[in-house]
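Here are the chains, one letter per residue:
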Amino acid sequence: MNDRHLIELTVNGEEHELLVEARETLVDVLRHRVGATGTHVACEHGICGACTVLVDGEPTRSCLVLGVMADGSEVRTVESLADEGGLNDLQEAFTDCHSLQCGFCTPGMLMLAEGGIPHLESSDREEIRELVSANLCRCTGYETIVDAVGRVARHRRGETPDTSEGAPA
Ligand code: FES
Ligand code: FES
């Protein structure tokens, strides 16, 4: 017998009432019930970070959270970043810095950065390297991801960009 529960989730500013099974993970709820398929899922046991979304503002591996545990939460997925069809500053920086190849890790990386940048104590490259090391990328070698996140972190902190990088859009 299916054990179903009614939960309320706000996803990218929209309120949803959803009848979910007790065993359903948040990433499955987002992808299959809400239709937010920008969130990727791979390892399903908390290693890769491909499923990272923001839950109440904090980067969260959505394969490790059950939908019922997220009841009442505010969730942001990668779909929330682009505004009126345009890319946000992080997405622009990933494009400009060539921070993706296959792109499978990218939604999770973007949400990790979006939620992590406000908590950085500095825009020091080592600190950004530490932040993005939470998620796996098999393609890029990380340097270009660190470039992009650093560029946005400096811009959002009001710091002068390196002359080599220009200002994010
Ligand atoms: S799919 Fe969630 S951490 Fe890998
Ligand atoms: S761009 Fe392919 S895994 Fe990161």
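What you see is a predicted model, and the numbers here were worked out from it, not measured in a lab.

Q: Any details on the nonpolar core? Residues and values, ideally.
A: Judged by nonpolar contacts, the single largest core of 25 residues is most densely connected at Leu90, Phe94, Met109, Ile117, Ile145 and Val149. Elements supplying a minimum of two residues to this core: helix 2 (89–96), helix 3 (106–116), helix 4 (125–132) and helix 5 (143–156). In terms of residue count, the dominant contributor to this core is helix 5 (six residues). Leave out the neighbours within four places in its chain, and isoleucine 145 touches Phe94, Ser99, Met109, Val132, Cys137 and Thr140.

Q: Before we move on, can you summarise the pattern of salt bridges with the specific residues and values?
A: Inspection of the entire model under this criterion finds 12 salt bridges. The residue arginine 156 makes a salt bridge to glutamate 114 at a minimum N-O spacing of 3.1 Å. Placement of arginine 156 in helix 5 and of glutamate 114 in helix 3 is noted, with a sequence separation of 42 residues between them. Taking the relative accessible area as the measure of exposure, arginine 156 reaches 34% and is therefore partly exposed.

Q: Go over the domain arrangement of the protein chain with me, naming the residues and quoting the values.
A: One can read the domain layout of the protein chain as domain 1 (4–80) and domain 2 (89–157). Once you take the C-alpha centre of each, domain 1 and domain 2 turn out to be 22 Å apart. Of the roughly 1200 Å² buried at the junction of domain 1 and domain 2 (both faces included), carbon and sulfur atoms supply 62%. On the domain 1 side of the contact with domain 2, His40, Thr52 and Val78 bury the most area, a combined 35% of that side's loss. The interface formed by domain 1 and domain 2 includes one salt bridge. One salt bridge connects glutamate 114 with arginine 76, and the closest N-O pair in it is separated by 3.6 Å. Inspection of the domain 1/domain 2 interface yields seven residue pairs in polar contact (both at pLDDT 80 or more). When grouped by side-chain class, the residues that make up the side of domain 1 that touches domain 2 number nine nonpolar, seven polar and three charged.

The rules we used
Residues numbered from 1 in each chain as written. Chains lettered and ligands numbered in written order. Predicted model: local features only at pLDDT ≥ 70, side-chain atom pairs only at ≥ 80, totals over all residues. Heavy atoms only, no water. Core = buried A, V, L, I, M, F, W, Y, C linked by side-chain atoms within 4.5 Å. Buried < 20%, exposed > 50% of the residue type's maximum accessible area, 1.4 Å probe, protein only. Helix = DSSP H or I, 4+ residues; strand = E, 2+ residues; numbered from the N terminus. Contact = heavy atoms within 4.5 Å. Salt bridge = Lys/Arg side-chain N within 4 Å of Asp/Glu carboxyl O. Domains from an automatic or database assignment. Buried area = accessible area lost by both parts, 1.4 Å probe. Polar contact = N/O pair within 3.5 Å; in protein donor to acceptor, adjacent residues only side chain to side chain. Nonpolar A, V, L, I, M, F, W, Y, C, P; charged D, E, K, R; others polar.

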